[in-house]
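So you can see what is in the structure, the chains are spelled out below.
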Amino acid sequence: MFDKDTYIRRRRELKKLVGDGVIVLFGNNNSPANFPNNGYHPFRQDSSFLYYFGQQREGLVGVIDVDNDVETLVGDDISIDDIVWYGSVDSVSDMAGQVGVAHSAPMSELENICKDAQAKKRTIHFLPPYRHDIMIQIYDLLGIHPKQQTEKASMKLIKAVVKMRSTKEPQEIEELERAAVIGYKMHTTAMRMVKPGVTEQLIAGTIDGIANGYGSMVSFPTIFSQHAEIMHGSPSMNLLEDGRLVLCDAGAETVNHYCSDNTRTMPVNGKFTQRQLEIYTIVEECHDLALSLSKPGVRYWDVHFAVCRHMTDRLKELGLMKGDTEEAVRAGAHAMFLVHGLGHMMGMDVHDMENLNQINVGFDEETRPNLEQFGTNCLRMGRRLEEGFVVTDEPGIYFIPALIDDWKAKGHCKEFINFDKLETYKDFGGVRIEDDILVTKDGCRFLGKERIPYHPKDVEEFMSKN
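Residues numbered from 1 in each chain as written. Predicted model: local features only at pLDDT ≥ 70, side-chain atom pairs only at ≥ 80, totals over all residues. Heavy atoms only, no water.

Caption draft 1: Local environment of the overall build of the protein. Tallying secondary structure elements over the protein gives 17 helices and 17 strands in all. A compact globule built from 466 residues would reach a C-alpha radius of gyration of about 23 Å, and the protein, at 24 Å, matches this within 12%. Dimensions of the protein, computed from C-alpha atoms along their principal axes, come out at roughly 70 × 45 × 45 Å. Taking all 466 residues of the protein together, 55% fall into the buried category. Looking at the protein as shown, the accessible area adds up to about 20,100 Å², and 51% of this sits on carbon and sulfur atoms. Charged side chains of the protein number 52 positive and 70 negative; the gap between the two group centres comes to 3 Å. (Helix = DSSP H or I, 4+ residues; strand = E, 2+ residues; numbered from the N terminus. Rg over C-alpha atoms; globule rule 2.2 N^0.38 Å. Buried < 20%, exposed > 50% of the residue type's maximum accessible area, 1.4 Å probe, protein only. Areas by Shrake-Rupley, 256 points an atom, 1.4 Å probe, with all protein chains shown as cover. Lys, Arg positive; Asp, Glu negative; His and termini not counted. Charge placed at Lys NZ, Arg CZ, Asp CG, Glu CD.)

Caption draft 2: Structural view of the sheet that holds strand S16 (residues 435–439). Read across the sheet, 3 strands follow the order S13-S16-S17 without closing on themselves; strand pairing throughout is antiparallel. Edge strands, defined here as strands with exactly one partner in the open sheet, are strand S13 (390–393) and strand S17 (444–446). Neighbour to neighbour, the strand axes of the sheet diverge by 35° on average, direction disregarded. Relative to S17, S16 runs antiparallel, the two sharing 3 bridges. Each residue of the ladder has a partner; that of Ile437, found in S17, is Phe446. (Pairing = 2+ DSSP bridges. Axes fitted to C-alpha atoms, helices over the stretch in contact; angles between N-to-C directions.)

Caption draft 3: Main features of unusual backbone geometry. At the junction of His41 and Pro42, the peptide bond is cis and its omega measures out at -5° in the coordinates. Relative to the elements of secondary structure, Pro42 occurs in the loop between strand S3 (38–39) and helix H2 (47–53). Phi at Asp69 is positive, roughly 55°, even though this residue is not glycine. Tracing the sequence through the fold places Asp69 in the loop between strand S4 (61–65) and strand S5 (70–74). By relative accessible area, which is 54% here, Asp69 ends up exposed.

Caption draft 4: Structural detail: the pattern of salt bridges. Scanning the model with the defined rule gives 36 salt bridges in all. A salt bridge links Arg11 to Glu71, with the nearest nitrogen and oxygen atoms 2.9 Å apart. Taken together, the positions of Arg11 in helix H1 (residues 4–18) and Glu71 in strand S5 put the pair 60 residues apart, joining distant regions of the chain. Arg11 gets classed as buried once you look at its relative accessible area, which sits at 0%. (Salt bridge = Lys/Arg side-chain N within 4 Å of Asp/Glu carboxyl O.)

Caption draft 5: Structural context of the nonpolar core. Counting 143 residues, the largest nonpolar core has Leu14 and Ile279 as its most contacted members. The element contributing the most residues to this core is helix H9 (residues 170–193), with 9 residues. Other than its neighbours up to four places away in sequence, Ile279 contacts Leu315, Leu318, Leu320, Ile397, Phe399, Tyr425, Phe428 and Val431. (Core = buried A, V, L, I, M, F, W, Y, C linked by side-chain atoms within 4.5 Å. Contact = heavy atoms within 4.5 Å.)

Caption draft 6: Local environment of the packing of H9 against helix H17 (residues 456–465). Relative orientation of the contacting elements H9 and H17 amounts to 65°, with a least axis distance of 8 Å. One element, H9, and the other, H17, form an angle in the roughly perpendicular class. Two packed elements cross with a definite hand, and for H9 against H17 that hand is right-handed. Note on element contacts: H17 touches H9 through Val459, Phe462 and Met463, opposite Thr188, Met191 and Arg192. When the residues that make up the contact of H9 with H17 are grouped by side-chain class, the tally is 4 nonpolar, 1 polar and 1 charged. (Parallel < 35°, antiparallel > 145°, perpendicular 65-115°, else oblique. Left-handed = near helix turned anticlockwise from the far one by under 90°. Nonpolar A, V, L, I, M, F, W, Y, C, P; charged D, E, K, R; others polar.)

Caption draft 7: Structural detail: the sheet that holds strand S9 (residues 223–225). Pairing is antiparallel across the open sheet formed by 3 strands, whose spatial order is S9-S10-S12. Two strands close off the open sheet at either side, each with one partner strand: S9 and strand S12 (262–267). The sheet shows a mean angle of 10° between the axes of neighbouring strands, taken without regard to direction. Pairing of strand S10 (residues 245–250) with S12 involves 6 bridges; the strand directions are antiparallel. Residue pairing across strands places Asp249 opposite Thr263, the latter belonging to S12. Here H9 sits on the sheet in contact with S9, S10 and S12, set at roughly 160° to S10. Packed onto the sheet, helix H10 (residues 200–214) meets S9 and S10 and runs at close to 155° relative to S9.

Caption draft 8: Quick peek at the packing of aromatic side chains. Using the criterion set out here, one finds 11 aromatic pairs in the structure. On the basis of an interplanar angle of 50° and a centroid distance of 6.1 Å, the ring pair of Phe2 and Tyr258 is categorised as tilted. With Phe2 in the segment before H1 and Tyr258 in the loop between strand S11 (252–253) and S12, the pair connects residues that are 256 residues apart, well separated along the chain. The same class applies to Phe2 as to Tyr258, namely buried. Taking the centre distance of 4.9 Å and the plane angle of 25° together, the rings of Phe399 and Tyr425 count as stacked. In this pair, Phe399 is assigned in the loop between strand S14 (396–398) and helix H15 (401–410) and Tyr425 in the loop between helix H16 (419–423) and strand S15 (430–432), connecting sequence segments 26 residues apart. No difference in accessibility class separates Phe399 from Tyr425, as the two residues are buried. (Phe/Tyr/Trp six-rings, centres within 6.5 Å; stacked < 30°, edge-to-face > 60°.)

Written out as structure tokens, the structure is:
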């Protein structure tokens, strides 16, 4: 938790941006794993509730009456039975005082607050819910069916939250730096452990433990697989094989729930083959190109497509693509190899504010993605960069056998793709390199005190010495 003044200031700014009505920010409840008293651990609070109210206990709701300038933390104090099993915690009134909220109320009072606002035809602002228990709670309070709640959510509140959370405060950047330090420990541990005969699951489980030990949890389920052509390849009990590549996409959350997100691809035996090096080097160049282009005022949309053009040019040199580069990129031919966007916003959520819809978070009126074009429809970030934004830089090249077969059968982009040559890469897998970058006054910089090795020689040297 940050200092009390942080939350007071944030709520004051939120009230200015929203303007009127009653803001209701739902915290999360505990989620049972297999029966009510056995919840998923650790508890994860809603990020926007954390941003404005700071408290990590379950079963809380923050209410901000904008018109009357009244703030209330709503929740029930825990019972003696809970104290016996889990220990004493602060009262809701004490928690309210810790974040500068003048009023507290039991959960039963929330219904009266909402009914009073509805009776007076005042706007009740809420964010799109993503947990079903909160959907039921909104239905009970406001009479809005869960199927309608996303469209009925307050766009004014969404825009206000996006505006505020997009630009990171200095104390948030410090937290993100802490997350990057944990991420460094995770990834370098994985690089030390990678060798033929070790299971994917052993390495993934080990680095998950680092996240748990130094922070609060992983920032997303760890991706660790020799099948790097699968975007979200889960670790399996398969043994790492000599001569193959393995991809590790992993990150940590700090105790205050700020995230890291890095990806490294490495040779299982510690030495890239010539074919692996050719593909890896293209991804490395694209990664560094994005770093050189990213600065305030530049659209991340333009950075993404600059990377796509460079990738296309280099794949043409290898004989995997052909034809005019601009036409190929316009047609989306590069998406055969790069099926996702260059990156996404990051902060308290690894895909920051994703529950508010990536269109609202990562785009504006001049950078709406083409939702009809394969690849472009997966872009998560295109808007103009601003100082204080934190985004990921994660180009990749993947050889997906099913996608190759599908496009080849349809003749899709055949004027730009050499399918005969592509057939010989079906066993390759994929390469991705990802880092978290902070947009600064004049450009951008990596987050983290130490750089996880990613240049090929550095990767090989690290693996040989460790």
